[in-house]
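The residues making up each chain are set out below.
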Amino acid sequence: MQLMIVLDGTIVTVALPTIQNDLDFSQSGLSWVVNSYLIAFAGLLLLSGRLGDLIGTKKVFLAGLVTFTAASFLCGVATTSELLIAGRFLQGVGAALASAVVLGMIVGLYPEPGEQAKAMGIYGFVSAGGASVGLIAGGVITETLGWHWVFLINLPIGAVALVAGLRLLTGRPGLGLRAGADAIGAVLVTAGLSLGVFTISQVAEDKYSNGELGLYGAISVLLLGAFVLRQAKAAKPLLALRIFRNREISGANIAVVLLFAAGFGFQFLNALYLQRVLGFDSMQTGLAFLPAPIVIGTMSLFFTAKLTARYGTRRVLLTGLLFLGVGLLLLSRAPVDGNYATDVLPTLVIQGFGMGLTVPAVIMRAMSGAAPADAGLASGLNTTAQQAGAAVGLAVLATVATSYSNSLVSKGTEQVEALRDGYGLGFQFSAGFVFLAWLVTFFVLRDKPAAQEPGASEQPSDQAASPSAAAVTVH
């Protein structure tokens, strides 16, 4: 299920030009194919995570799986732009329900630290590598089968995941809605997050003025502020603010925001660099990304768990961030007449090495400090941080690159050279996000004793070993 969600974030991007021509989208309307999904996804994550604690993670996960799969069918058979946008919104709802509880389910399924580290490695590979795979799959499917199959391919995958989930997963009863059914808080946080993502997504568009976007952003902040005040006073809060008193959870989630801002923004700009500067078509662009997920998968699946067991998540995270930042800085130097083998491929390998280390490590760190009763909440919070980072990174880097390129063109610079310089500046900003994540990791996160590390192979901690931590078990 998680692979479907991550793939969907990028696989649709490659098919957008074909979708625009087929369904007669305007340029501004086309952005809603992505925005409608992101708004529903990001807006409902915290609520979905808390629902997992209240009614059970299995129920929420399966509800999300069914919703996402049904919505994929709706998108695949869409014959009008309005129907496709509606389907994408429902996909976002399903994605939020399912993905918000995934990390909590992993913690419950694999309470032993060594096994949990391996599971987080697989999750990290899916999260970091799945986006790159989506670019490849999007190009191949669109050119061979048509854009409809970008969505219809989810049907058999969803069916298999549903059967497996029903047969293999058994969820413990949740705390009950009375333990934290804050309807007012749910409305405030959903509206605030949705409006915030909408505002961010429109930064690079020309449809709204700066004044309008500023107003929307201010309203979003006010709604989220009201939500925080509500949670501080509510007898049964939707989001227990005590979770932010945990230095590890707060610091790790800040690092997640910065890491995913760099990663998703980089992928967007690099795809544009390959196509608009080096002249790659959609399939060549997808294949050009292939080395990154291969390296990410190799590191996440075979090495990161062992490294975190030996050196701890903090050291692995610091090392991975350095590699990722260096790779982005090297890519920022790629010239107009760049060669893929010498100017792009080495940077993808370096970045893949860094992402393969950082994503599993930072997610393990973010989840390790959560109490069993807050596993769903911590999972939803972490996934929200990922989506917020992706949205912010995409908006900031796209705006920086576009603005700089336009300023150079206005001064007489050739179009292609101006584009390259704009993308180069965007890659430098992306490296800046990574450097900030390194600083947060270094100064906020603290080393733990070996037995308390989520990836340690020694005796598991009391929390991890506790039977109450197993929110979901396998038959």
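Bear in mind that the values here come from a model prediction, so they are computed numbers and not experimental data.

Quick notes on a nonpolar patch on the surface
Part 1 of the reasoning: Together, Ile122, Leu301, Phe302 and Phe303 make up a nonpolar patch on the protein surface, roughly 400 Å² of accessible area in all.
Part 2 of the reasoning: Here Leu301 lies in helix α13 (residues 291-302).
Part 3 of the reasoning: Given the relative accessible area of 39%, Leu301 is considered partly exposed.

A look at the pattern of salt bridges
Part 1 of the reasoning: Taken as a whole and judged by the stated rule, the model has three salt bridges.
Part 2 of the reasoning: Two residues, Asp53 and Arg50, come together in a salt bridge whose shortest N-O distance is 3.4 Å. Taken as a pair, Asp53 and Arg50 lie in helix α2 (residues 27-55) at a separation of three residues, close to a single helical turn. An identical accessibility class is assigned to Asp53 and Arg50; each is buried.

Focus on the packing of α13 against helix α16 (residues 340-368)
Part 1 of the reasoning: Packing of α13 against α16 brings their axes to within 8 Å, and their N-to-C directions diverge by 30°. Between α13 and α16, the crossing angle belongs to the class labelled roughly parallel. Relative to α16, the crossing made by α13 is right-handed. Contact residues: α13 offers Pro291, Ala292, Val295, Ile296, Met299 and Ser300, while α16 offers Tyr340, Leu345, Leu348, Val349, Gly352, Phe353, Met355, Gly356, Leu357 and Pro360.
Part 2 of the reasoning: For the contact of α13 with α16, the per-class residue count stands at 13 nonpolar, three polar and no charged.

Here's the deal with the nonpolar core
Part 1 of the reasoning: Counting 93 residues, the largest nonpolar core has Phe61, Met120, Leu259, Tyr273 and Tyr423 as the members making the most contacts within it.
Part 2 of the reasoning: Looking at this core, the element that brings in the most residues is helix α11 (residues 247-277), giving 14 residues.
Part 3 of the reasoning: Aside from chain neighbours lying at most four places away, what touches Tyr423 is Leu269, Leu272, Tyr273, Arg276, Val277 and Ala401.

Here's the deal with the packing of α11 against helix α18 (residues 415-444)
Part 1 of the reasoning: For the pair α11 and α18, interaxial distance at closest approach is 9 Å and the crossing angle is 165°. Comparing their axes, α18 and α11 come out roughly antiparallel. Seen along the crossing, α11 lies across α18 with a hand that is left-handed.
Part 2 of the reasoning: Taken together, the residues of the contact of α11 with α18 break down into 21 nonpolar, six polar and three charged.

Focus: helix α10 (residues 210-233)
Part 1 of the reasoning: Between its first and last C-alpha atoms α10 spans 35 Å; for 24 residues at 1.5 Å apiece the expected length is 34 Å, and the two agree.
Part 2 of the reasoning: For α10, the complete set of buried residues consists of Leu213, Ser220, Phe227 and Gln231.
Part 3 of the reasoning: Against α9 (183-201) lie the buried residues of α10.

Here we look at the side chain of Ser220
Part 1 of the reasoning: Its place among the elements puts Ser220 in helix α10.
Part 2 of the reasoning: Judged by relative accessible area, Ser220 falls into the buried class, the value being 5%.
Part 3 of the reasoning: Not counting chain neighbours up to four residues away, the residues in contact with Ser220 comprise Gly192, Leu195 and Gly196.

Brief notes about the side chain of Thr384
Part 1 of the reasoning: Take Thr384: it is sitting in helix α17 (residues 375-410).
Part 2 of the reasoning: Taking relative accessible area as the criterion, Thr384 reaches 10% and is therefore assigned buried.
Part 3 of the reasoning: In this view, Thr384 contacts Leu45, Leu46 and Leu193; residues no more than four positions away in its chain are not counted.

Re the packing of aromatic side chains
Part 1 of the reasoning: In the structure shown here, the tally under the stated rule is ten aromatic pairs.
Part 2 of the reasoning: Plain terms: the ring middles of Tyr37 and Phe41 are 5.6 Å apart, the flat faces sit at 65° to each other, and that makes the pair edge-to-face. Of the two residues, Tyr37 and Phe41 both sit in helix α2, four residues apart, roughly one turn of that helix.
Part 3 of the reasoning: Exposure remark for Tyr37: the relative accessible area of 2% places this residue in the buried category.
Part 4 of the reasoning: Taking the centre distance of 5.9 Å and the plane angle of 20° together, the rings of Phe260 and Phe264 count as stacked. Here Phe260 pairs with Phe264, and both are found in helix α11, just four residues apart, close to one helical turn.
Part 5 of the reasoning: By relative accessible area, which is 5% here, Phe260 ends up buried.
Part 6 of the reasoning: According to the relative accessible area criterion, Phe264 is partly exposed, its value standing at 25%.
Part 7 of the reasoning: Joined through ring pairs, the aromatic side chains of Phe266, Phe289 and Phe427 make up one cluster.

Procedures and definitions
Residues numbered from 1 in each chain as written. Predicted model: local features only at pLDDT ≥ 70, side-chain atom pairs only at ≥ 80, totals over all residues. Heavy atoms only, no water. Patch = residues over 30% accessible without salt bridge, like charges linked within 9 Å, V, L, I, M, F, W, Y side chains within 5 Å. Areas by Shrake-Rupley, 256 points an atom, 1.4 Å probe, with all protein chains shown as cover. Salt bridge = Lys/Arg side-chain N within 4 Å of Asp/Glu carboxyl O. Helix = DSSP H or I, 4+ residues; strand = E, 2+ residues; numbered from the N terminus. Buried < 20%, exposed > 50% of the residue type's maximum accessible area, 1.4 Å probe, protein only. Axes fitted to C-alpha atoms, helices over the stretch in contact; angles between N-to-C directions. Parallel < 35°, antiparallel > 145°, perpendicular 65-115°, else oblique. Left-handed = near helix turned anticlockwise from the far one by under 90°. Contact = heavy atoms within 4.5 Å. Nonpolar A, V, L, I, M, F, W, Y, C, P; charged D, E, K, R; others polar. Core = buried A, V, L, I, M, F, W, Y, C linked by side-chain atoms within 4.5 Å. Expected span 1.5 Å × (residues − 1). Phe/Tyr/Trp six-rings, centres within 6.5 Å; stacked < 30°, edge-to-face > 60°.

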